[in-house]
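Chain residues, written in single-letter form:
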Amino acid sequence: SLEDLHIHQQRQAQELAASAELRTQKLLADAWCAAFVQPKTTETRSTAITQSVLERFADAANTLDSAAAEELVSGLARQYRFFHWHVEFPHIFRVGNGARNIDQATGWAGGFSCVIGNPPWERVKLQEQEFFASRQPSIANAANAAARKKMIATLADSDNATDKALSEEFQAELRKAAGWSHLLRSSGQYPLTGRGDINTYAVFAENDRLITRTSGRTGIIVPTGIATDATTQHFFAA
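Before going into details, it helps to say that this report is about the structure given with it. (Residues numbered from 1 in each chain as written. Predicted model: local features only at pLDDT ≥ 70, side-chain atom pairs only at ≥ 80, totals over all residues. Heavy atoms only, no water.)

### Some details on the overall build of the chain
Phase 1 of the analysis: Per the secondary structure count, the chain includes 12 helices and four strands.
Phase 2 of the analysis: Projecting the C-alpha coordinates of the chain onto the three principal axes gives extents of approximately 65 × 50 × 40 Å.
Phase 3 of the analysis: Long-range pairs, those at least 24 residues apart, make up 57% of the contacts in the chain between residues at least 6 apart in sequence. (Helix = DSSP H or I, 4+ residues; strand = E, 2+ residues; numbered from the N terminus. Contact = heavy atoms within 4.5 Å.)

Structural data, given as structure tokens:
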């Protein structure tokens, strides 16, 4: 019966989710993304995600260094909500192991027959006015950008605990936005839209094209800028 089929599929999904192979694949994929957004300071040097860390993860090496790196990766994966199509849908995206027509950029073959959606239309760069609008309206409503930046700078030196906390929250959001930008621009995953003043709708459009099989179709709602903006010209031409 159809109900039996659904139960069977759920059981298979649970078994796959609990498998050591899938756990290793997800850890590797998370670690690769984490390398772009991890804090890069003198203090974090010992836990930095490097090629050797990826190799240890692939070999399932249980060392103290690996455990510390895995903890870092897990935290960043939760913060940035990494998602990996080939890990979540292994029956759709076939990775190596004799699979035909492997894409050199992604390492997988296959894709969805149909992808539909209405992606978010937002700039990746943190907007100061938007951030402070509900937190400190006086900063959001500053006369100009220069005045606004000056007011933001004074928060860090303020004797007011609330101002200091707001400054720290703003710096954290700045760094998070910079991490997103770094991943989109430098990972090689979005060579056609990860440039200029990046907008999420363009990145989603390129991603949807990537996860659609050769004979598939994609239907998504995006602004006309996908065809007319300078930053998306390479995507539209392709």
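### Side note on the packing of helix α8 (residues 145-156) against helix α9 (residues 161-186)
Phase 1 of the analysis: One way to put it is that α8 packs onto α9 with a least axis distance of 7 Å and a crossing angle of 115 degrees. Here α8 is positioned roughly perpendicular relative to α9, judged by the angle of their axes. Between α8 and α9 lies a crossing whose hand is left-handed. From α8, Ile 152, Leu 155 and Ala 156 reach across to α9, where they touch Asp 163, Lys 164, Leu 166, Ser 167 and Phe 170.
Phase 2 of the analysis: Its residues placed into classes, the contact of α8 with α9 shows five nonpolar, one polar and two charged. (Axes fitted to C-alpha atoms, helices over the stretch in contact; angles between N-to-C directions. Parallel < 35°, antiparallel > 145°, perpendicular 65-115°, else oblique. Left-handed = near helix turned anticlockwise from the far one by under 90°. Nonpolar A, V, L, I, M, F, W, Y, C, P; charged D, E, K, R; others polar.)

### Here's the deal with helix α10 (residues 200-210)
Phase 1 of the analysis: Of all 11 residues that make up α10, eight are buried, and the element is covered over most of its length.
Phase 2 of the analysis: When we look at burial in α10, the residues that qualify are Thr 200, Tyr 201, Ala 202, Val 203, Ala 205, Glu 206, Asn 207 and Asp 208.
Phase 3 of the analysis: In this fold, the buried residues of α10 make contact with α5 (85-88), β3 (112-117), α9, β4 (212-220), α11 (225-228) and α12 (233-237). (Buried < 20%, exposed > 50% of the residue type's maximum accessible area, 1.4 Å probe, protein only.)

### Description of the packing of aromatic side chains
Phase 1 of the analysis: Counted under the stated rule, the structure contains 11 aromatic pairs.
Phase 2 of the analysis: Where Phe 89 meets Phe 112, the ring centres are 5.3 Å apart and the plane angle is 80 degrees; that geometry is what we call edge-to-face. Taken together, the residues span a long stretch of sequence, with Phe 89 in the loop between α5 and β1 (93-95) and Phe 112 in strand β3 at a distance of 23 residues.
Phase 3 of the analysis: A ring pair is formed by Phe 132 and Phe 170, whose centres lie 5.1 Å apart and whose planes are at 40 degrees; its orientation type is tilted. Taken together, the residues span a long stretch of sequence, with Phe 132 in helix α6 (residues 128-132) and Phe 170 in helix α9 at a distance of 38 residues. (Phe/Tyr/Trp six-rings, centres within 6.5 Å; stacked < 30°, edge-to-face > 60°.)

### Digging into the environment of Lys 40
Phase 1 of the analysis: Note that Lys 40 resides in the loop between α2 (20-37) and α3 (51-58).
Phase 2 of the analysis: The exposure class assigned to Lys 40 is exposed, which follows from its relative accessible area of 54%.
Phase 3 of the analysis: Each C-alpha atom of the pair Lys 40 and Ala 29 lies 19 Å from the other, and the pair is 11 residues apart in sequence.
Phase 4 of the analysis: Lys 40 has contacts with Ala 35, Arg 175 and His 182, leaving out every residue within four places of it along the chain.
Phase 5 of the analysis: Polar side-chain contacts of Lys 40 include one of 3.3 Å to the backbone oxygen of Phe 36. (Polar contact = N/O pair within 3.5 Å; in protein donor to acceptor, adjacent residues only side chain to side chain.)

### A word on the pattern of salt bridges
Phase 1 of the analysis: Taken as a whole and judged by the stated rule, the model has five salt bridges.
Phase 2 of the analysis: Here Glu 169 makes a salt bridge to Arg 135, at a shortest N to O gap of 3.0 Å. Linking Glu 169 in helix α9 with Arg 135 in the loop between α6 and α7 (137-140), this pair joins segments that are 34 residues apart in sequence.
Phase 3 of the analysis: Take Glu 169: its relative accessible area is 34%, and that puts it in the partly exposed class.
Phase 4 of the analysis: According to the relative accessible area criterion, Arg 135 is partly exposed, its value standing at 37%. (Salt bridge = Lys/Arg side-chain N within 4 Å of Asp/Glu carboxyl O.)

### Looking at the nonpolar core
Phase 1 of the analysis: Ranked by size, the top nonpolar core spans 17 residues in total, and within it Ile 49, Phe 57, Val 73 and Phe 82 carry the most contacts.
Phase 2 of the analysis: Within the residue set of this core, elements represented by two or more residues are α2, α3 and α4 (64-80).
Phase 3 of the analysis: Element by element, the count of residues in this core is highest for α2, at six residues.
Phase 4 of the analysis: Non-local contacts of Phe 57, meaning those with residues more than four positions away in its chain, are made with Thr 24, Leu 27, Leu 28, Ala 31, Ser 66, Ala 69, Glu 70 and Val 73.
Phase 5 of the analysis: Counting eight residues, the second largest nonpolar core, distinct from the first, contains Ile 139, Ala 140, Leu 155 and Phe 170. (Core = buried A, V, L, I, M, F, W, Y, C linked by side-chain atoms within 4.5 Å.)

### Describing α3
Phase 1 of the analysis: Those residues of α3 that sit buried are Val 53, Leu 54 and Phe 57. What you see down the axis of α3 is that its buried residues fit within an arc of 100 degrees, all on one side.
Phase 2 of the analysis: Just downstream of α3, Ala 60 is the residue with a positive phi angle, here 55 degrees. (Arc of directions from axis to C-beta.)

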